[in-house]
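Each chain, letter by letter, is given below.
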Amino acid sequence: MTDLATIAEQLDRAATSRTATPQFGSDAGLDVPTAYRIQEAVVAHRLARGERPVGLKLGLTSRAKMAQMGVDEVIWGRLTDAMHIPDGGTISLADHIHPKAEPEVAFLVEGGAIAAVAPAIEVIDSRYIDFRFTLPEVIADNTSASGFVIGAWQPVPAGIDNLGVLLEVDGRTVQIGSTAAILGDPRRALAEAVRLAGAGGVELTDGSVLLAGAATAAVPLRPGAHVRVVVESLGTASLKAIP
Ligand code: 0L1
Ligand code: MG
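Residue indices follow the written sequence of each chain, beginning from 1 at its first position. To label them, take the chains in the order written and letter them from A, then take the ligands in the order written and number them from 1. Reporting in this predicted model follows two pLDDT cut-offs: at least 70 for local features of residues, and 80 or more for side-chain atom pairs to be given and counted; totals over whole chains, interfaces and linings ignore these cut-offs and use all residues. Hydrogens are left out, water is left out, and the side-chain values use all remaining heavy atoms of the structure.

A.B. asks: How should the coordination of the magnesium ion (ligand 2) be read in this particular structure?
C.D. replies: Ideal coordination angles are 109.5 degrees for a metal with four donors arranged tetrahedrally and 90 or 180 degrees for a metal with six donors arranged octahedrally. Sites may look incomplete because water is not among the atoms; the donors themselves are N, O and S atoms within 2.8 Å of the metal, or within 3.2 Å for Na, K and Ca. Donor atoms from the polypeptide that bind the magnesium ion (ligand 2) are E102 (OE), E104 (OE) and E122 (OE), placed at 2.0 Å. Ordering the donors of the magnesium ion (ligand 2) by residue number gives the pattern E-x1-E-x17-E. Residue E102 is found in strand 5 (residues 100-110), and its partner E122 is found in strand 6 (residues 113-124); the two are separated by 20 residues along the sequence. The two residues E102 and E122 agree in class, both being buried. We count a stretch as a helix when DSSP gives it H or I for four or more residues in a row; a strand needs E for two or more, and each element gets its number in order from the N terminus. Throughout this description, buried means an accessible area under 20% of the type-specific maximum (1.4 Å probe, protein chains only), exposed means over 50%, and partly exposed covers the range between.

In structure tokens form, the structure reads like this:
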């Protein structure tokens, strides 16, 4: 069995050196509870470098992704301020391994409730070679979290359970989906995050961001790509990938 701190260091080094790491394999003896402890240690490396926790994300929130991983429960990860990309801002591919973008819905949490909603983009960048991992491995890798863009916050409309979602690259629609793909209704993300992260002793404090999950498959980011997410009734969020 590989030491928890060693695995955390290896994942952190993969991120900071922009070099994918091999999977740990069955010898590492990873299970889900151990993986969340490793995730905490991985993010502790970021916090030690001065980053600040700003919220949480859910992953594997669609039936398609759950089926792909052979699981029936969502996973969660931690967001820091350094992962935030301003709306319309840039990300440098040289600072990443093999990043992908996926369209999401973000919530602003106040008083344990959803105070505002926004269209969002999550940038995922697995620290494993070829984005290949087991469930505990991806949890240990902070659920591939790397960056996020949030569009304009606004009051939560009456129904957000079936809003059309487009993922555009250079003005061309490359993915079409619905917010229904996010747990059937993205608002379920709050209860799920409170339950799952709470079991790990982590709370969504006032002002926290919650990325509810992806509405379509993720697309790889290519140099020069301009990515825009459009969520019906909510608006847009965008980023540009520079070399
Ligand atoms: O945010 C997500 O749903 C990604 C979870 C991790 C799996 C992946 O990297 O695709
Ligand atoms: Mg995601």
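Still to come is the rest of the account.
A.B. asks: I would appreciate a short explanation of unusual backbone geometry in the present structure.
C.D. replies: Glycine aside, residues mostly have negative phi, and peptide bonds are mostly found in the trans state. The phi dihedral of D130 is positive, around 60°, even though this residue is not glycine. Within the secondary structure, D130 sits in the loop between strand 6 and helix 4 (135-140). Classification of D130 by relative accessible area gives exposed; the value is 59%. Located in the positive-phi region is L183, a residue other than glycine, with phi close to 60°. Following the sequence through the fold, L183 ends up in the loop between strand 9 (172-178) and helix 5 (188-199). Given a relative accessible area of 16%, L183 falls into the buried group.

A.B. asks: Teacher, can you tell me more about the pairing of strand 2 (residues 75-80) here?
C.D. replies: It is a general feature of regular strands that their side chains alternate between the two faces of the sheet. For strand 2, the tally of buried residues reaches six of six residues, placing the bulk of the element in the interior. Strand pairing is defined by DSSP finding a minimum of two bridges between the two strands. Taken together, the six bridges between strand 1 (residues 53-59) and strand 2 define a ladder with antiparallel strand orientation. Considered in strand 2, the bridge of P53 is made with T80.

A.B. asks: What's the story with the site of ligand 1 in this structure? I'm lost.
C.D. replies: It suffices for a single heavy atom of a residue to lie within 4 Å of a molecule or strand for the residue to be listed as near it. Taken together, the neighbourhood of ligand 1 is formed by 13 residues, with K57, L60, E102, E122 and S144 sitting nearest. Here a polar contact means two N or O atoms within 3.5 Å. Within protein one must be a hydrogen donor candidate and the other an acceptor candidate, and residues neighboring in sequence count only if both atoms are side-chain atoms. Side-chain polar atom of K57 to an oxygen atom of ligand 1: 2.8 Å apart, as the coordinates give it. Within the contact set of ligand 1, an oxygen atom lies 2.7 Å away from a side-chain nitrogen or oxygen of S144. Relative to its unbound accessible area of 300 Å², ligand 1 is 94% covered by the protein chains. With three residues, the top contributor of residues to the shell around ligand 1 is strand 1. Side-chain classes are defined by residue name, with Ala, Val, Leu, Ile, Met, Phe, Trp, Tyr, Cys and Pro counting as nonpolar, Asp, Glu, Lys and Arg as charged, and the others, Gly among them, as polar. Of the residues that constitute the shell around ligand 1, the class distribution is six nonpolar, three polar and four charged. Exposure was quantified through the Shrake-Rupley algorithm and a 1.4 Å probe, taking into account, for residues, occlusion by the shown protein chains and nothing else.

A.B. asks: Just to check I follow, could you spell out the environment of S178 for this structure?
C.D. replies: For S178, the location among the structural elements is in strand 9. Residue S178 is classed as buried on the basis of its relative accessible area of 17%. Spatially, the C-alpha atom of S178 lies 7.7 Å from that of T216, the residues being 38 residues apart in sequence. Not counting the four nearest positions on each side in its chain, S178 is found in contact with D161, N162, L163, V165 and A215. Engagement of the side chain of S178 in a polar contact is seen with the side chain of N162, the distance being 2.7 Å. The contact rule is simple, with two residues in contact once any of their heavy atoms fall within 4.5 Å.

A.B. asks: Explain the pairing of strand 1 to me, please; I cannot follow it from the model alone.
C.D. replies: Across the seven residues that make up strand 1, a large majority, six, are buried. Pairing geometry for strand 1 and strand 10 (residues 208-214), over three bridges, is parallel. Among the inter-strand pairings, L56 is bridged to a residue of strand 10, identified as L210.

A.B. asks: Quick question: what am I supposed to make of the sheet that holds strand 4 (residues 89-92) here?
C.D. replies: The strands making up a sheet associate through hydrogen bonds between their backbones, and the pairing can be parallel or antiparallel. One open sheet accounts for five strands, arranged 4-13-12-8-9; its pairing is mixed. If you trace the sheet from one side to the other, it starts and ends with strand 4 and strand 9, each paired once. Neighbour-to-neighbour, the strand axes of this sheet turn through a mean angle of 20°, independent of strand direction. Pairing analysis gives five bridges linking strand 8 (residues 164-169) to strand 12 (residues 226-231), with the strands arranged antiparallel. Within strand 12, the residue paired with E168 across the bridge is R228. Simply put, an axis is a line fit to the C-alpha atoms, just over the touching stretch for a helix, and the angle between two N-to-C directions goes from 0 to 180 degrees.

A.B. asks: How do you make sense of helix 2 (residues 32-48) when you look at a structure like this?
C.D. replies: Every α-helix winds through 3.6 residues per turn, so residues three or four apart in the chain are directed the same way. In a regular helix each residue adds 1.5 Å, so 17 residues correspond to 24 Å; helix 2 covers 24 Å between its end C-alpha atoms and thus fits that length. In the core, the buried residues of helix 2 are packed alongside helix 1 (4-17), strand 2 and helix 4. At the exit of helix 2 stands G50, carrying a positive phi of roughly 105°. Expected helix span is given by 1.5 Å per residue-to-residue step, counting one fewer step than there are residues.

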